[in-house]
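What follows is each chain in one-letter form.
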Amino acid sequence: MFKKYFFIMIAFAMLAVGAIPASAAGDIKVYIDGKLQSYDQPPVIKNGGTLVPMSGIFKALGAEVLWDNQTRTASGVKGNKIVSLTIDSKTAHIANEGAKTSINLAQPAQIINGRTMVPIRFISESLGAKVDWDGATRTVAISSNVKTTYETITYDDGSVYEGEVSEDGLQHGQGTYKWANGDSYVGSWANGEQHGYGTYTWADGTIYAGNWVNGEMVDNGQSDSSQNNQGSGNVDGTAYANILSDFIPQTTNGVVKLPDASYQALVQNADLFFAKDRKVNSLDGIANTVGYGNIAKNVSKYNSSIVEMDSIVLDDIKEYNVSGETITEAIGHWGGNSVDPVYFQIIYMGSNHLTKGSNTTVNGIPVGETTVTLTNVFGASFTEPMYVVVAGNFYDMLTKAIGPDKLEQAQKEREEAEKKMVFNARYYEDPMNYERTPTLEVQNEGYKTLKIYGIEVGSYKYPSDNTYFEMSAERENYSLPRSSIKLTGWHLGISDEEFEQLVKETSTIKVTTELGSIEVGIE
């Protein structure tokens, strides 16, 4: 049982190897899972800390590398965890499942010979790896493979844990612990302690839903002393969760049932998921960004987690009336031609203005896996995995960009802007190119500057990932974005011959912008 108090435990560890001059550190060897690492800038030791190139260490440990040039901040994103360091700053930050911690570094990240160098022990341990130092051979050995299994454990006192367990028998990952005295915890664990986002419910009905660090509650969670099991406010979370418990099996042909962990999370966050007057982004600050590949790998791991998913493009959307309540169901996908799409079935209690083709943000709880039937370009049907998410927030990317408080005004502006959204598409063989490359020129002729999220030609799309580019209809000087783009086979990853045939077989293209999508005829 845990006392009802809040504090943050902050700890750090650096690689202590003695004060060796940086110039003498070129022979330092780094092994990750037994493989010798090779860096374009050799590791160095400065003030007792070993530094290695940022990109090399992050990528080797499976993290996506981000760089903010304005703030000179380097970040590594792995699953739910974000590790950030700012050049020449001795304060680093770790965000994990909503638990945000500041760490004091003995040696900051810095630029050496044009490379961003970061402390190897801090980065490795922050991403869950084990680090060993052999002073005799000047070798750093890193083990990144921490394997977990899903188990149900009953303890001698009658307590039960169900969830992920590490090889050494500690709770590690997502899990539910029910104490014999009636207390329970649903959420994230690390090395046998609550760590990340989770909900603790005392036997008397008191609830803490928030962030944890090293087994202790962080003081930005939500506490509730009510004993009526209705979440943190006046919404009857049990009633809504029961509706979803009946609806989800029906809409997934009996494949998915609402897990107990998801049911509890919905009840305990009822106001944020179900209140009629909740903000469009009520779960911001609670929802954590999770890699779509991680959800696909083990959706049950996130049954009690509130996650944020951006750039989900809707393929279909419809509404149902169930027990007097409106439920919106949508099928959407993330990804494109060069990135395998991941499909989602989104279930949202309420109604919204979204339509097919909307580029959306979803904050919600992944509850299970089913399948979706698709048709390829040859007319053949096939199935793909689809992940079911109960959404508390479900809105378009434009709303996120401008802020929910301006939604009504933005909607009016959007409707006016859509009337002015005009594009022209012209196909020709570029006379300025020696090989007269087949070219499809798309031009913005209507509305100021627009973010272009995609131009679809048949089954191909540019850009193929989730980036965007801008096009301006009022290009008075070269400081403004271009007014048109010339697409060739290279942009779509196909040959010029394939591109020419594709355009000849396609009468229209689809342009998706921050304002919506529009079909454009090819001249």
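Residues numbered from 1 in each chain as written. Predicted model: local features only at pLDDT ≥ 70, side-chain atom pairs only at ≥ 80, totals over all residues. Heavy atoms only, no water.

Enquirer: Help me understand the sheet that holds strand β2 (residues 35–36), please; the structure alone is not making it clear to me.
Expert: Each strand in a sheet pairs with its neighbour through backbone hydrogen bonds, running either in the same direction (parallel) or in the opposite one (antiparallel). The four strands lie next to each other as β2-β1-β13-β12, forming an open sheet whose pairing is mixed. Of all the strands in the sheet, just β2 and β12 (130–134) have a single pairing partner and so form its edges. One ladder, built from two bridges, connects strand β1 (residues 29–32) with β2; its direction is antiparallel. Directly across from I32, in β2, lies its bridge partner K35. (Pairing = 2+ DSSP bridges. Helix = DSSP H or I, 4+ residues; strand = E, 2+ residues; numbered from the N terminus.)

Enquirer: Teacher, can you tell me more about the pairing of strand β29 (residues 438–444) here?
Expert: On any regular strand, side chains alternate: one points to one face of the sheet, the next to the other face. Across the seven residues of β29, six count as buried, placing the element largely inside the fold. Where β29 meets strand β33 (residues 484–487), four bridges bridge the pair, whose relative direction is antiparallel. Bridge assignment links Q443 to a residue of β33, and that residue is S484. (Buried < 20%, exposed > 50% of the residue type's maximum accessible area, 1.4 Å probe, protein only.)

Enquirer: Sorry, what's going on with the nonpolar core here?
Expert: In globular proteins that are soluble, nonpolar side chains generally tend to be buried together. Grouped together as the largest cluster of nonpolar side chains are 29 residues, with contacts concentrated most on I57, L85, F122, I123 and I142. Of all the elements in the fold, those that place two or more residues in this core are β1, α1 (54–60), β7 (81–86), β8 (91–96), α2 (120–126) and β13 (139–143). Residues within four places of L85 in sequence aside, it is in contact with F58, R72, T73, A74, A92, L105, A109, P119, F122 and I123. With 26 residues, the next largest nonpolar core counts L244, I248, A287 and I347 among its residues. (Core = buried A, V, L, I, M, F, W, Y, C linked by side-chain atoms within 4.5 Å. Contact = heavy atoms within 4.5 Å.)

Enquirer: I tried to follow the sheet that holds β29 on my own but got confused; where do I start?
Expert: Read from one edge of the open sheet, three strands run β28-β29-β33, paired in antiparallel fashion. What marks the edges here is a single partner per strand, and that holds for β28 (423–429) and β33. Neighbour-to-neighbour, the strand axes of this sheet turn through a mean angle of 20°, independent of strand direction. Those strands touched by helix α10 (residues 496–504) are β28, β29 and β33, and its axis lies near 55° from that of β29. (Axes fitted to C-alpha atoms, helices over the stretch in contact; angles between N-to-C directions.)

Enquirer: Honestly, the side chain of N393 in this entry has me stumped. Any pointers?
Expert: You can see N393 is positioned in strand β27 (residues 381–396). There is a polar contact of 3.3 Å between the side chain of N393 and the backbone oxygen of V280. Within the structure, N393 has its side chain in polar contact with the side chain of N363 (distance 3.1 Å). Every residue in contact with N393, bar those within four places of it in the chain, is listed here: L272, K279, V280, N281, S282, L283, D284, Y348, T361, V362 and N363. (Polar contact = N/O pair within 3.5 Å; in protein donor to acceptor, adjacent residues only side chain to side chain.)

Enquirer: Just checking my understanding: could you explain helix α3 (residues 237–251) for this structure?
Expert: What sets the pattern is the α-helix's 3.6 residues per turn: residues three or four places apart point alike. Along its 15 residues, α3 runs 21 Å from first to last C-alpha, staying within 8% of the 21 Å computed at 1.5 Å per residue. Positive phi shows up at N253, right after α3, with a value of about 55°. (Expected span 1.5 Å × (residues − 1).)

Enquirer: Just to check I follow, could you spell out the pairing of β13 for this structure?
Expert: Across four bridges, the pairing between β1 and β13 is parallel. Residue pairing in the sheet places Y31 in a bridge with A141 of β13. Note: β12 against β13, five bridges, orientation antiparallel. When the bridges of β13 are listed, D134 appears paired with T139. Between the antiparallel neighbours β12 and β13 lie four residues, among them R138 with a positive phi of about 50°.

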